[in-house]
Amino acid sequence: MNSVKVLGIEFKVGNKYNHPKFGEYTVLSFSGNDKMKVSFVESEKSEVRELTIRVAAQMIFNEKCKIAKALNGKSLERKGTEDQIAYTIGRIAKYGYLCITGIQDRKFDAFKIRYEKATSKVIEKIENISLLCDNSNKWGTELTINLPKDFTNNDSFALPENTNIIENKDGTFTINDNKFWWCLVEKFGFVLGKNQDFTVIYDHCPKELRESLIKGFNN
C-alpha cells in the first residue's frame, strides 16, 4: 500500500507533510488504513514515530480551513507599547465578545476546570460556547474575541506581537488567538460573553497601566 486518503487528504509513501507541533515529516509506510510510520527531521536528528492517519488528516484539513478563512478577511498586525496594549484591552472590555467557536465535547471538562479556576465562576449552562462532537473535523479548541466595526480606527490600537486578528468582510474584527484569550481571562479577569466587570479587570491590571486601561474603556 503506497497511499491512503482520509478527509480528502491523501498520504503517500515518500511525501512530506506538516505536523503543527512536531514539524515536517515524511511518510515511511502504512499499517492498514489506521496507522502510518513517519520520520520527523529536527536539525540533523531523525526520529521515527507512528501516527494515527485520521488524526494527522484532521490536522492538515483544519489548517487548510484556517488558511481559507484568513483569505476571506484581511489580516492585521499592529505592534505597540504596553500602554497602547492596555488601552486596547480597555476597549475590548467595553466592546468585545468572548466566546468559544469550537471545542470538542471530550475537551470541554478540561476547559471548564481551567476557566472556573481562573474566574471563580461556575459554568452552569452552555452559553457562548459551541460544543462539537468528538469526531468533528477540528483539531484544537478555537477561542474567539469578536469586535465591532471601526474597532482598530484609533492611533492607540495595539496588540501583543503575533496576536492573530482578522478584519471580516462586513468590517467587524475577530481575534482567534488562544494565548491572548487566556491572557485576558487569567491575567485580567475577563469572562465569557459580552458583559465584563471592569472593576475586576481594573484590579487585575498592573498599576502603571491602569490609566491607559481606563482611557480605552471610556473611549
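Residues numbered from 1 in each chain as written. Predicted model: local features only at pLDDT ≥ 70, side-chain atom pairs only at ≥ 80, totals over all residues. Heavy atoms only, no water.

Some points on the confidence of the model for the protein
Interpretation of the predicted coordinates at a detailed level should be avoided for regions scoring low in pLDDT.
Then, number 1: Looking at the protein, pLDDT values average 84 and 86% of them are 70 or higher.
Then, number 2: Model confidence for the protein, summarised as mean pLDDT per element, is weakest for strand β7 (residues 74–76) at 45 and strongest for helix α5 (residues 198–204) at 96.
Then, number 3: Note that pLDDT drops below 50 for residues 70–76; the model gives that stretch 12 contacts with residues more than four away or on any other chain. (pLDDT = per-residue confidence, 0-100. Helix = DSSP H or I, 4+ residues; strand = E, 2+ residues; numbered from the N terminus. Contact = heavy atoms within 4.5 Å.)

Regarding the pattern of salt bridges
Between side chains of opposite charge, pairing is possible as soon as their charged atoms come close.
Then, number 1: Per the stated rule, a full pass over the model turns up 4 salt bridges.
Then, number 2: Between E47 and R49 there is a salt bridge, with its nearest N and O atoms 3.2 Å apart.
Then, number 3: Exposure remark for R49: the relative accessible area of 24% places this residue in the partly exposed category. (Salt bridge = Lys/Arg side-chain N within 4 Å of Asp/Glu carboxyl O. Buried < 20%, exposed > 50% of the residue type's maximum accessible area, 1.4 Å probe, protein only.)

Digging into the packing of helix α2 (residues 82–95) against helix α6 (residues 210–218)
Then, number 1: Here α2 crosses α6 at 40°, and the two axes come no closer than 7 Å. Taken together, α2 and α6 sit at an angle that is classed as oblique. Judged by the sense of rotation from one axis to the other, the crossing of α2 with α6 is right-handed. Across from D83, A86, Y87, I89, G90, R91, A93 and K94 in α2, the residues of α6 making contact are S212, L213, K215, G216, F217 and N218.
Then, number 2: Of the residues in the contact of α2 with α6, the class split is 6 nonpolar, 4 polar and 4 charged. (Axes fitted to C-alpha atoms, helices over the stretch in contact; angles between N-to-C directions. Parallel < 35°, antiparallel > 145°, perpendicular 65-115°, else oblique. Left-handed = near helix turned anticlockwise from the far one by under 90°. Nonpolar A, V, L, I, M, F, W, Y, C, P; charged D, E, K, R; others polar.)

Details of the nonpolar core
Then, number 1: In terms of nonpolar packing, the biggest core is built from 37 residues, with I92, F111, Y115, I145, W181 and F190 touching the most fellow members.
Then, number 2: Elements that contribute at least two residues to this core include exactly α2, β8 (97–104), α3 (105–119), β10 (142–147), β12 (173–176), α4 (178–188) and α5.
Then, number 3: No other element matches the 6 residues that α4 contributes to this core.
Then, number 4: The contact partners of I145, leaving out residues within four places of it in the chain, are I92, Y97, L98, F173, T174, I175, F180, W181 and L184.
Then, number 5: By size, the runner-up hydrophobic cluster in this structure holds 16 residues, among which are V6, V38, L51 and I60. (Core = buried A, V, L, I, M, F, W, Y, C linked by side-chain atoms within 4.5 Å.)

What about the packing of aromatic side chains?
Then, number 1: Tallied over the entire structure, the rule returns 10 aromatic pairs.
Then, number 2: With centroids separated by 6.0 Å and ring planes inclined at 35°, the aromatic side chains of Y17 and Y25 adopt a geometry described as tilted. Y25 carries the same exposure label as Y17, and that label is buried.
Then, number 3: Members of the aromatic cluster, joined through ring pairs, are F108, F111, Y115, W181 and W182.
Then, number 4: The ring of F217 has K94 lying over it, and the distance from NZ or CZ to the ring centre is 5.8 Å. (Phe/Tyr/Trp six-rings, centres within 6.5 Å; stacked < 30°, edge-to-face > 60°. Lys NZ or Arg CZ within 6 Å of the ring centre and 35° of its normal.)

Thoughts on the pairing of β8
Then, number 1: Counted residue by residue, β8 has 6 buried out of 8 residues, so it is predominantly covered.
Then, number 2: Relative to β10, β8 runs antiparallel, the two sharing 5 bridges. Opposite L98, over in β10, you have I145 as the bridge partner. (Pairing = 2+ DSSP bridges.)

Notes on unusual backbone geometry
Then, number 1: Positive phi, normally seen in glycine, also occurs at S120, with a value near 60°.
Then, number 2: When you line up the elements, S120 lands in the loop between α3 and β9 (129–132).
Then, number 3: The backbone of D150 sits at a positive phi, close to 65°, despite the residue not being glycine.

Things to note about the environment of D177
Then, number 1: Mapped onto the elements of the fold, D177 is located in the loop between β12 and α4.
Then, number 2: Remark: the alpha-carbon pair of D177 and I165, spanning 12 residues in sequence, is separated by 7.8 Å.
Then, number 3: Once residues lying within four places of it in the same chain are set aside, the contact partners of D177 are L143, N162, T163 and N164.
Then, number 4: Among the polar contacts listed, one links the side chain of D177 to the backbone nitrogen of N164, at a separation of 3.2 Å. (Polar contact = N/O pair within 3.5 Å; in protein donor to acceptor, adjacent residues only side chain to side chain.)

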